[in-house]
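A look at the structure
One-letter residues, chain by chain:
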Amino acid sequence: MLKSRDLDRIRALPSLGAVYSRRNLAFIGPPGTGKTHLAQAFGYENDIGS
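Residues numbered from 1 in each chain as written. Predicted model: local features only at pLDDT ≥ 70, side-chain atom pairs only at ≥ 80, totals over all residues. Heavy atoms only, no water.

1. Topic: the overall build of the chain
As a reminder, the rule being used: Numbering of helices and strands runs from the N terminus; a helix is a DSSP stretch of H or I covering at least four residues, while a strand is a stretch of E covering at least two. A simple rule labels every residue: compare its accessible area, found with a 1.4 Å probe on the protein chains alone, to the largest value its type can have, and call it buried under 20%, exposed over 50%, or partly exposed in between.
When its secondary structure is counted, the chain shows 3 helices and 0 strands. If you list the helices and strands of the chain from N to C, you get α-α-α. Looking at the chain as a whole, 6% of its 50 residues are labelled buried.

2. Quick look at the environment of Phe27
Let me state the cut-off plainly: Pairs of residues are marked as contacts when any of their non-hydrogen atoms sit within 4.5 Å.
By the element assignment, Phe27 lies in the loop between helix 2 (17-20) and helix 3 (35-46). Counting along the chain gives 11 residues from Phe27 to Leu38, while the straight-line C-alpha distance between them is 8.0 Å. Aside from chain neighbours lying at most four places away, what touches Phe27 is Leu13, Lys35, Leu38, Ala39 and Phe42.

3. Some thoughts on the confidence of the model for the chain
As a reminder of what qualifies: pLDDT expresses how confident the predictor is about each individual residue, on a scale running from 0 to 100.
Looking at the chain, pLDDT values average 76 and 78% of them are 70 or higher. Taken element by element, the chain is modelled with least confidence in helix 2, mean pLDDT 70, and with most confidence in helix 3, mean pLDDT 82.

4. Overview of helix 3
Let me state the cut-off plainly: Here the expected span of a helix is defined as 1.5 Å times the quantity of residues minus one.
For helix 3, spanning 12 residues, the distance from its first C-alpha to its last is 16 Å, which sits close to the expected 16 Å at 1.5 Å a residue. Once helix 3 finishes, Asp47 follows within two positions and takes phi at roughly 55°, a positive value.

Written out as structure tokens, the structure is:
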């Protein structure tokens, strides 16, 4: 179950605030929960590295 604090952080991901402030971004959780998919989708949607 996600807490409202966590939902706010997830909703703020597209703003790239963590990237622009040069902070690390980590997707943490048990195997099979979609961490890799989420990280790839985040990079694709925000066109990181171009």
